[in-house]
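The primary structure of each chain is shown beneath.
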Amino acid sequence: MKLQSLSLVLLCCALAALPQARPANILAVYAFPGKSHFMMHTALIKELVESGHNVTMITAFSLSAQQLGGNYTELLIEPVYDFWHDVKLSFGVQHLFDLTQMKNYDFLKMLEIIGLKTTEHALRQPKVQALINARQTEGVFDLLLAEQFYQEAFLALAYKYNIPIVTTSTLGYENHMSQMMGLITPWSFVPHGFMPFTDRMSFMERVHNTYVSLYEDFDRLLSYFPKMDAITERYFGQVLAEVPKVRHMETQISVMLLNSHAPLTTARPTVDAMVPVGGMHIYPPKPLPADMQSFLDAATDGAIFFSLGSNVQSKEMPRDMLQLFLRVFGSMKQRILWKFEDESIDQLPPNVMIRKWLPQADILAHPNVKVFITHGGLFGTQEGVHYAVPMLGMPFYCDQHLNMNKAVLGGYGISLHFQSITEDLLRDSLLQLIHNASYAENVQRVSRIFRDRPMSPRRSAVYWIEYVIRHKGALHMRSAGLDLRWYQFYLLDVIAFLGVLALAALFLLLLAIRLLQGSGRKQRKAKTN
Ligand SMILES: *[C@@H]1O[C@H](CO)[C@@H](O)[C@H](O)[C@H]1NC(C)=O
Ligand SMILES: *[C@@H]1O[C@H](CO)[C@@H](O)[C@H](O)[C@H]1NC(C)=O
Ligand SMILES: *[C@@H]1O[C@H](CO)[C@@H](O)[C@H](O)[C@H]1NC(C)=O
């Protein structure tokens, strides 16, 4: 009895001591116009405003459809920057189906180019200029929220307003993040995000993985950062006494929210400041439009959902491939719901329905959907796993190969190279995914693990943002490795020191042997004489 009341008192004290979240003024910068990236940004901003915070956002796309009310101020970047135009010009890419042919190095270069172009486009905007040049800075904002994606110049806003930084990575973990978090990522089992590897690599794959990871680290340091530094200097040179370098600003990030979560990510070394919040964009399913609902309800043999995401457009598919897909679909008993960006297709088989836009996650939640044909984007594969739908992947670029390899290794997906697809291969793969129970069983198991968390990803993201605001930064979680010189960090000075010691010991030993032998000879000589 006594013990019970004591624990009750303790519980009350513990509850009273729980920090109360006071409404904060948050400056968010989501200037990169990637449609899929906004699935994460929108979910996060909505959650923050609904939690009572006041958000001012520099944004590439308007969130007006979300009806966020008076505690959301939008600084919209106009017009939307068409970065694919730059990509097509710089790399001679005709359309995005050709990106399967692009080399990894070109791909890294491409990200840098679109990062630099979109950053400068946003910094030039009068509304953004007003924020940079504002007189009043103290107490205006409590936190800078920024995207961890080739937009580093915006981190200087945290210096202008003297506030801590939280960043969000829509791609999840990337190997180069070790440099900003002060940790070592073993390239022996952590695959580079754009390589088609898993955490079990052959010898040659490890060689390749090491080369690409090292190449990226040096390329950022020697080629990309100087260009981003120049942009930062150009736009903040007037207002900051000393314009910080990108390399330095990156090490001042308090918390990084990552769009990844076990088991969809490679187990790897990390620090507390890197918080996995993958699946933030997934909400409980909403009712489907009536026509789609009845189309799927009547799919007694199951349905296939087909979408290549927001960048790669099905309507741009080469004509012979389009015909191939239609022939295979037409020969199947299943119904197919296809995100296709044109009004109509000639000779559309009766079991295929096309729409320009489809509520992807709500469709995947329908129990009759048995296969998801996807480009392997991170957001889509998370939804497929969340709703336990086996996947047929056709990865094109970036992390899509990695995501699909994960699905293949996990036994819940089949990955095909788009240009090598044949009628038989496509039909057989779809039938395997539908009729071979192992795919459904595996995706259900992975789904249960993906959903099993102490806190929902949106709550978790808001918790860590409020944590950083409460403590005015979270640099106590920062790795001290960031303040070491590179040769200290990798222990090269210690190894050199120990090497010299070992050499000295060896030298002394040899010298001693020499002397002993010498004196032995002398003694023997003395005896024989
Ligand atoms: C804005 O936030 C404040 C503080 O959380 C709240 O009292 C107010 O109702 C909010 N205003 C709107 C329009 O939502
Ligand atoms: C919310 O932010 C806007 C834009 O910075 C600001 O004008 C407004 O005063 C803020 N509201 C509150 C309640 O702090
Ligand atoms: C089912 O799929 C698994 C994994 O790909 C495979 O090993 C097995 O042979 C398949 N079973 C049949 C009956 O095709």
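Residues numbered from 1 in each chain as written. Chains lettered and ligands numbered in written order. Predicted model: local features only at pLDDT ≥ 70, side-chain atom pairs only at ≥ 80, totals over all residues. Heavy atoms only, no water.

Definition in use: UniProt positions are given in the numbering used here, feature names are shortened, and annotations may be inferred rather than shown by experiment.
The protein carries the name UDP-glucuronosyltransferase in an unreviewed UniProt entry, which gives Drosophila mojavensis as its organism. As recorded by UniProt, the Subcellular location (unreviewed entry) comment attached to the protein reads in full: "Membrane". Its UniProt record gives the protein a comment under Sequence similarities (unreviewed entry), which states: "Belongs to the UDP-glycosyltransferase family."

### Looking at the overall build of the protein
Threshold: Secondary structure elements follow DSSP: runs of H or I no shorter than four residues count as helices, runs of E no shorter than two count as strands, and numbering proceeds from the N terminus. With a 1.4 Å probe rolled over the protein chains alone, any residue whose accessible area is under 20% of its type maximum counts as buried; one over 50% counts as exposed, and the rest are partly exposed. In this description, contact between two residues means that some pair of their heavy atoms is separated by no more than 4.5 Å. Charge assignment: positive for Lys and Arg, negative for Asp and Glu; neither His nor the chain ends contribute. Charged side chains are reduced to one point each, which is NZ for Lys, CZ for Arg, CG for Asp and CD for Glu.
Helix and strand counts for the protein come out as 19 helices and 13 strands. Taking the principal axes of the C-alpha coordinates as reference, the protein spans close to 115 × 70 × 65 Å. Counting all 529 residues of the protein, 53% fall into the buried class. A fraction of 67% describes how many contacts in the protein between residues 6 or more apart in sequence connect residues 24 or more apart. The distance from the centre of the 48 positive side-chain charges to the centre of the 45 negative ones in the protein is 10 Å.

### Observations concerning the packing of helix α3 (residues 83-91) against helix α4 (residues 104-123)
To keep it simple, the criterion reads: Comment: axis = line fitted to C-alpha atoms, over the contacting stretch for helices; angle = value between 0 and 180 degrees taken between N-to-C directions. Any angle that is under 35 degrees is reported as roughly parallel, and any over 145 degrees as roughly antiparallel; angles of 65 to 115 degrees are reported as roughly perpendicular and all others as oblique. Each crossing gets its handedness from the near helix: less than a right angle anticlockwise from the far helix is left-handed, clockwise is right-handed.
Look at α3 against α4: their axes get within 10 Å of each other, and the N-to-C directions meet at 135°. The angle between α3 and α4 falls in the class oblique. The two elements α3 and α4 cross, and the hand of that crossing is right-handed. Where α3 approaches α4, its residues Phe83, Trp84, Asp86, Val87, Ser90 and Phe91 are matched on the opposing element by Asp106, Lys109, Met110, Ile113, Ile114, Lys117 and Thr118.

### Description of the sheet that holds strand β11 (residues 369-374)
Put simply, the rule reads: Strand pairing follows a simple DSSP-based rule, namely that at least 2 bridges must link the two strands.
The parallel open sheet is built from six strands, whose spatial order is β10-β9-β8-β11-β12-β13. For this open sheet the edge positions go to β10 (352-355) and β13 (413-415), each flanked by a neighbour on one side alone. Averaged over all adjacent pairs, the angle separating strand axes in this sheet is 15°, with direction ignored. The pairing of strand β12 (residues 391-393) with β13 spans three bridges and is parallel. Paired with Leu392 across the strands is Ile414, a residue of β13. Strands in contact with helix α11 (residues 319-330) are β8 (303-307), β9 (335-339), β10 and β11; relative to β9, the strand with the most contacts, it is inclined by about 155°.

### Notes on the domain arrangement of the protein
Basically, it comes down to this: Domains are outlined according to an automatic or database domain assignment. In this description, buried area is defined as the sum, over both parts, of the accessible area (probe of 1.4 Å) that is lost when the two are combined. A carboxyl oxygen of Asp or Glu within 4 Å of a side-chain nitrogen of Lys or Arg is what we treat as a salt bridge. Nitrogen and oxygen atoms within 3.5 Å of one another constitute a polar contact, given that in protein one can donate a hydrogen and the other can accept it, and given that sequence-neighbouring residues count only through two side-chain atoms. As a working rule, the residues Ala, Val, Leu, Ile, Met, Phe, Trp, Tyr, Cys and Pro are called nonpolar, Asp, Glu, Lys and Arg charged, and the rest polar, with Gly in that last group.
Domain annotation for the protein reports domain 1 (20-261 + 455-478) and domain 2 (293-451). Each of domain 1 and domain 2 has a C-alpha centre, and the two are 30 Å apart. Contacts between domain 1 and domain 2 engage 28 residues on the former and 26 residues on the latter. Both sides of the domain 1 and domain 2 interface together cover about 2,300 Å² of buried area, and 64% of this is carbon and sulfur. Along the contact surface separating domain 1 from domain 2 lie zero salt bridges. Applying the counting criterion to the domain 1 and domain 2 interface returns three residue pairs in polar contact (both at pLDDT 80 or more). Counting residues per element, the side of domain 1 that touches domain 2 draws most heavily on helix α2 (residues 37-50), which supplies three residues. Its residues assigned to classes, the side of domain 1 that touches domain 2 shows 13 nonpolar, 13 polar and two charged.

### What to know about the pairing of β11
Where a strand is regular, its side chains alternate between the two sheet faces. Defined as follows: The crossover handedness rule: strands pointing away from the viewer, path from first strand over the helix to second strand clockwise, crossover right-handed.
Counted residue by residue, β11 has five buried out of six residues, so it is predominantly covered. Bridge analysis of β8 against β11 gives five bridges, and the strand direction is parallel. If you follow Ser307 over to β11, its bridge partner there is Thr374. Where β11 meets β12, three bridges bridge the pair, whose relative direction is parallel. For Thr374, the partnering residue across the bridge sits in β12 and is Gly393. Following the chain from β11 across helix α13 (residues 378-386) to the adjacent parallel β12, one finds a crossover that is right-handed.

### So, the site of ligand 2
In plain terms, the rule: In these notes, residues near a molecule or strand are those with any non-hydrogen atom within 4 Å of it.
All residues adjacent to ligand 2 are Asn25, Asn54, Thr56 and Thr73. In the model, an oxygen atom of ligand 2 is placed 3.3 Å from a nitrogen or oxygen of the Asn25 side chain. Measuring from an oxygen atom of ligand 2, one finds a side-chain N or O atom of Thr56 at 3.1 Å. Taken together, the residues of the shell around ligand 2 sort by class into no nonpolar, four polar and no charged.

### Section: the sheet that holds strand β6 (residues 253-258)
Taken together, the seven strands give an open sheet; going across it, the order is β3-β2-β1-β4-β5-β6-β7, and neighbouring strands pair in parallel fashion. The sheet is open, and its two edges are formed by β3 (72-76) and β7 (274-276), each paired on a single side. Ignoring which end each strand starts from, the neighbouring axes of this sheet average 20° apart. Across five bridges, strand β2 (residues 54-59) lies against β3 in parallel orientation. Bridge pairing links Val55 to Tyr72 in β3. Packing against the sheet, helix α5 (residues 126-133) makes contact with β1 (25-30), β2 and β3, and its axis sits at approximately 115° to β3. Strands in contact with helix α17 (residues 457-470) are β1, β4 (143-147), β5 (165-169), β6 and β7; relative to β6, the strand with the most contacts, it is inclined by about 175°.

### Section: a nonpolar patch on the surface
Formally: Exposure above 30% relative accessible area and the absence of a salt bridge qualify a residue for a patch, where like charges join within 9 Å and nonpolar side chains (Val, Leu, Ile, Met, Phe, Trp, Tyr) within 5 Å. Residue-level accessible areas treat just the shown protein chains as cover; the underlying method is Shrake-Rupley with a 1.4 Å probe.
A surface patch of nonpolar side chains, about 1,100 Å² in accessible area, is lined by Ile184, Trp486, Tyr487, Tyr490, Leu491, Leu492, Val494, Ile495, Phe497, Leu498 and Leu501. Breaking the nonpolar patch down by element, the ones donating at least two residues are α18 (486-489) and α19 (492-528). Looking at the nonpolar patch, the element that brings in the most residues is α19, giving six residues. Relative to the elements of secondary structure, Trp486 occurs in helix α18.

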